[in-house]
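Single-letter residue listing:
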Amino acid sequence: MPTEAVTDLPDPVLKNVSKAEPAQEQPEETDLWQLTRDNFGLDLSRQHPRIEKQLRWYAKHPKYLSRIHSRMQRYYPYILNEVLKRDMPSEIALLPIVESAYDPFAYSHGRAAGPWQFIPSTGKHFGLKKTWWYDGRRDIVASTEAALTYLQQLHKRFGSWELALAAYNAGGGTVNRAIRKNRANGKSTDYFSLRLPKETQAYVPKLIAMARLVQSPQKYAITLKPLPNKPYFRIVETGGQLDLAQAADMAGTTTKEIYLLNPGFNRWATDPAGPHYLSIPAASHDKFQASLAKLPANNRINWSRYKIQPGDSLITIARRHHTTVDVIRKTNNINGNRIRSGKTLLLPTASKRSSEYVLSESQRLISKHKRNQKKGSKQKVVHKVRSGDSFWTIAKNYKVGVRQLASWNNMAPGDPLAVGKSLVIWKKGKGDGGIIRRVGYKVRSGDSLARIAGKFNVSVKNILNWNGLDAKKYLQPGQSLTLYVDVTKAN
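One structure accompanies this document, and this report is about it. A quick note: this is a predicted structure, and the numbers were derived from the prediction, not measured.

The rules we used
- Residues numbered from 1 in each chain as written.
- Predicted model: local features only at pLDDT ≥ 70, side-chain atom pairs only at ≥ 80, totals over all residues.
- Heavy atoms only, no water.
- Helix = DSSP H or I, 4+ residues; strand = E, 2+ residues; numbered from the N terminus.
- Contact = heavy atoms within 4.5 Å.
- Buried < 20%, exposed > 50% of the residue type's maximum accessible area, 1.4 Å probe, protein only.
- Pairing = 2+ DSSP bridges.
- Expected span 1.5 Å × (residues − 1).
- Core = buried A, V, L, I, M, F, W, Y, C linked by side-chain atoms within 4.5 Å.
- Patch = residues over 30% accessible without salt bridge, like charges linked within 9 Å, V, L, I, M, F, W, Y side chains within 5 Å.
- Areas by Shrake-Rupley, 256 points an atom, 1.4 Å probe, with all protein chains shown as cover.
- Salt bridge = Lys/Arg side-chain N within 4 Å of Asp/Glu carboxyl O.
- Lys, Arg positive; Asp, Glu negative; His and termini not counted.
- Charge placed at Lys NZ, Arg CZ, Asp CG, Glu CD.

Moving on: the environment of Lys307. Assignment of secondary structure puts Lys307 in strand E3 (residues 302-307). When the C-alpha atoms of Lys307 and Leu345 are compared, they prove to be 6.4 Å apart, with 38 residues separating the residues in sequence. When neighbours within four sequence positions are excluded, Lys307 is seen to be in contact with Asp312, Gly342, Lys343 and Thr344.

And the structure:
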């Protein structure tokens with residue numbers, strides 16, 4: 001996990017990956033595992049208890065390695081060839097196993113994201129753009145470029161790949177201090193001699209252990225499924241914003257596959273401000289290119305006309321239509337935030353229903369909530385963030401863990417909380433054997449919050465949170481409420 005940027009070296013300039021496909025030369029080896037073995041550069045003969053511990057763990061968890069393989073097949077051909085093009089040890093291509101289990105959607109409690117686990121500040125330093133539409137830390141092409149550049153800088157700084165890897169995980173300053181302390185005490189300054197954070201002490205051994213499994217899988221009773229040495233995807237310059245469901249149709253593949261190859265995109269379309277490239281399955285490249293060439297510029301995304309209603313603001317319209325204020329301003333030539341009721345706005349609109357964009361940020365969160373609900377009898381509470389709220393205060397109020405609360409919402413404890421944001425909290429149902437169900441309720445004449453709460457054996461506070469209500473406002477007959485009720489305790 002890269003925790004800090006190198007400050008004593010000039011900022012690297014990332015190459016423009018959108019203008020050229022990766023030059024993936026085909027060596028004699030047809031299997032990527034053999035190509036990896038042929039280019040090992042670390043000392044894999046070293047014997048150390050920390051390495052042996054990691055070897056034992058990997059060898060005992062073949063299902064974990066199988067899950068990783070299913071992810072690697074999309075990304076490893078590209079990443080390994082990028083590593084070799086820079087004349088770096090091929091073990092570096094295995095590093096995303098240690099960082100993220102090769103999951104581009106991995107997000108840690110320390111706010112690290114993507115296959116190479118960049119935190120926001122380091123990602124920004126290395127040119128990884130982050131917007132509402134896009135997060136470059138998850139982009140396979142951009143994040144690999146940044147990670148390899150960072151590692152090369154660290155290697156130049158420390159003169160050792162083991163120390164460079166340690167600095168990638170703990171930060172160059174941490175490694176520098178450990179080196180200075182050992183030097184002052186007359187001790188060796190190699191990686192295994194340094195006193196480093198616990199996570200960093202296990203970090204390099206994990207990579208060496210994985211490389212040794214690849215080197216001699218039969219020795220550890222591990223079977224490595226073949227990885228053909230051919231590109232899984234090809235990079236296509238799109239020239240502008242494009243609906244991802246439409247891109248999938250043009251490539252003759254699924255929307256899920258487009259997201260898996262382009263995990264940097266958060267929403268239903270690419271970022272209007274770029275990057276303007278997509279990774280397309282290699283077998284679909286020609287079909288996609290031909291379809292893109294015929295696509296009129298005004299058909300890249302759908303557009304709808306929206307009549308401004310009294311009380312509307314650019315922020316509320318943007319939220320309602322899953323876009324941003326900046327996009328609305330730019331599309332409609334608006335300066336500032338003033339809009340007039342009765343006027344019409346042109347808004348970008350997804351071509352398909354939201355569930356089709358299966359790995360968009362919102363759909364990933366919905367899937368996570370469904371998985372949590374299946375884990376047993378749990379009560380779903382929706383908390384609307386108020387001014388002064390923090391993860392700590394909310395977690396304390398609901399008697400849950402801070403990290404757990406953040407994880408439920410695909411966030412990290414250090415992420416900022418915007419006022420009005422909805423957070424989902426999962427609490428155990430009251431009593432043994434309770435069955436929690438989502439119940440829709442229409443407010444009737446004479447109803448009050450207290451009366452409804454008593455009827456369903458829930459608290460007024462929960463009704464307010466579940467529905468984002470203001471306790472000072474009266475309920476209206478016909479108003480729809482969502483309740484999470486233990487059906488064994490409802491009156």
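Moving on, there is more to tell.
Moving on, we come to unusual backbone geometry. With an omega dihedral of 15°, the bond running from Gly274 to Pro275 counts as a cis peptide bond. With respect to the helices, strands and loops of the structure, Pro275 is situated in the loop between helix H11 (255-261) and strand E2 (277-281). Of note, the phi angle at Arg111 is positive, near 70°, even though the residue is not glycine. Its location among the elements puts Arg111 in the loop between helix H4 (95-100) and helix H5 (120-125). Non-glycine residue Ala221 carries a positive phi angle of around 55°. By secondary structure assignment, the location of Ala221 is in the loop between helix H9 (198-215) and strand E1 (233-237).

With five of five residues buried, E2 is to be regarded as a mostly interior element. Bridging between E1 and E2 involves five bridges; their strand directions are antiparallel. Its bridge partner lying in E2, Arg234 is registered against Ile280.

Attention now moves to helix H8 (residues 172-184). Its 13 residues place the ends of H8 18 Å apart at the C-alpha level, agreeing with the 18 Å of an ideal helix rising 1.5 Å per residue. Taken as a whole, H8 has its buried residues at Gly172, Gly173, Val175, Ala178, Ile179 and Asn182. Contacts made by the buried residues of H8 are with helix H6 (140-158) and helix H7 (161-170). With its phi angle positive at about 70°, Gly186 sits one or two positions after the end of H8.

Okay, the nonpolar core next. Ranked by size, the top nonpolar core spans 97 residues in total, and within it Leu94, Trp116, Tyr168 and Phe288 carry the most contacts. Considering every element that reaches this core, the biggest residue donor is H6, with ten residues. In this structure, Val381, Ala395, Leu417 and Trp426 belong to the second largest nonpolar core, which totals 31 residues.

Taken together, the side chains of Lys53, Arg56, Lys60 and Lys198 define a basic patch exposed on the protein surface. If one sorts the elements of the positive patch by residue count, helix H2 (residues 49-60) sits on top with three residues. In this structure, Lys53 sits in helix H2. For Lys53, a relative accessible area of 56% gives the class exposed.

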